[in-house]
Amino acid sequence: MTTIKLAPSILTADFGALADQIRAADDGGADIIHLDVMDGHFVPPITFGPIVVEMVRKVTKLPLDIHLMIEHPERQFEAFAEAGGDIINFHIEATAHADRLLRTIQAMNKRAGICINPATPLSAIENVLDVTDQVMVMMINPGWGGQKMLPSMLDKIRDLRSMLDVRGLKPDIEVDGGVKSNNAASCARAGANVLVCGSSVYNTDSSPRENLAALRVALASA
């Protein structure tokens, strides 16, 4: 049975108490901490740089999953790796040198991930699947937390899972965007094994521990 990992995104966390928010997710059973890096160019918002990754690294031993939503990721990835990132993900739409960058990240003893936007076909990443450790399928158009998942992306996950199985490849399939208790099991059944969960973990309705527990209960039906 495939183990489904939960990766809370700090994008919707309270940055005024970020260390406490990270510890709450850690104590609540998170498997990974997901950090969304936005540059104001690849996506409109700007979030944070390596200094925040350094801070998060000091308060948790969980793997840090760095999601680079930035132009020219080959110019910036080293800083995030050195700051404490364990998994460095970048978008296929943001660079012409995906194969080279994946191999360079791996040469730094980091896991390398490729991300794909909703409108980008899987054929765009087909030629680098054998050199990636993780494929992140965007379930929303990236840039803002709290969006609703695009249901059609479940078919994309299924197609990706079939593509990987046919070729005997085993990178993680991570989904990012709109993951809630009412759709987490659908993502897992489609073939995802890492679920990024932002506003479903960090919100004013319940604690991160309670929200992570609810997601685990929902995943039990997968």
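The rules behind the values
Residues numbered from 1 in each chain as written. Predicted model: local features only at pLDDT ≥ 70, side-chain atom pairs only at ≥ 80, totals over all residues. Heavy atoms only, no water. Helix = DSSP H or I, 4+ residues; strand = E, 2+ residues; numbered from the N terminus. Buried < 20%, exposed > 50% of the residue type's maximum accessible area, 1.4 Å probe, protein only. Contact = heavy atoms within 4.5 Å. Areas by Shrake-Rupley, 256 points an atom, 1.4 Å probe, with all protein chains shown as cover. Lys, Arg positive; Asp, Glu negative; His and termini not counted. Charge placed at Lys NZ, Arg CZ, Asp CG, Glu CD. Salt bridge = Lys/Arg side-chain N within 4 Å of Asp/Glu carboxyl O. Pairing = 2+ DSSP bridges. Axes fitted to C-alpha atoms, helices over the stretch in contact; angles between N-to-C directions.

Novice: What should I look at first to understand the overall build of the chain in this one?
Specialist: Secondary structure summary: the chain contains seven helices and eight strands in total. Once the C-alpha set of the chain is aligned to its principal axes, its extents read approximately 40 × 40 × 30 Å. Within the chain, the proportion of its 222 residues that are buried is 55%. Considering only residue pairs separated by 6 or more positions, the chain has 65% of its internal contacts joining residues 24 or more positions apart. For the chain, the computed accessible surface area is about 9,800 Å², with 50% contributed by carbon and sulfur atoms. A distance of 4 Å separates the average location of the 20 positive side-chain charges in the chain from that of its 27 negative side-chain charges.

Novice: Would you mind going over the pattern of salt bridges with me for this structure?
Specialist: Oppositely charged side chains may form a pair once their charged atoms are brought near each other. Inspection of every chain in the model, using the stated rule, returns seven salt bridges. A salt bridge links Asp-172 to Arg-111; the nearest nitrogen and oxygen atoms lie 3.1 Å apart. One end of the pair, Asp-172, is in strand β7 (residues 172-176); the other, Arg-111, is in strand β5 (residues 111-116), and 61 residues separate them in sequence. Its salt-bridge partner being Arg-161, residue Asp-165 comes within 3.7 Å of it at the nearest N-O pair.

Novice: For this particular structure, what's the right way to read the sheet that holds strand β6 (residues 134-138)?
Specialist: Adjacent strands of a sheet form backbone hydrogen bonds with each other and so pair up, either parallel or antiparallel. Spatially, the eight strands line up as an open sheet ordered β1-β8-β7-β6-β5-β4-β3-β2, and their pairing is parallel. Edge positions in the sheet fall to β1 (5-8) and β2 (33-38), since each has one partner strand and no second. Across the sheet, the mean angle separating the axes of adjacent strands is 25° when strand polarity is ignored. Where strand β4 (residues 87-91) lies against β5, five bridges are found, and the strand directions are parallel. Bridging from a neighbouring strand, Ile-88 pairs with Ala-112 of β5. Across the face of the sheet, helix α4 (residues 98-107) comes into contact with β4 and β5 while running at roughly 150° to β5.

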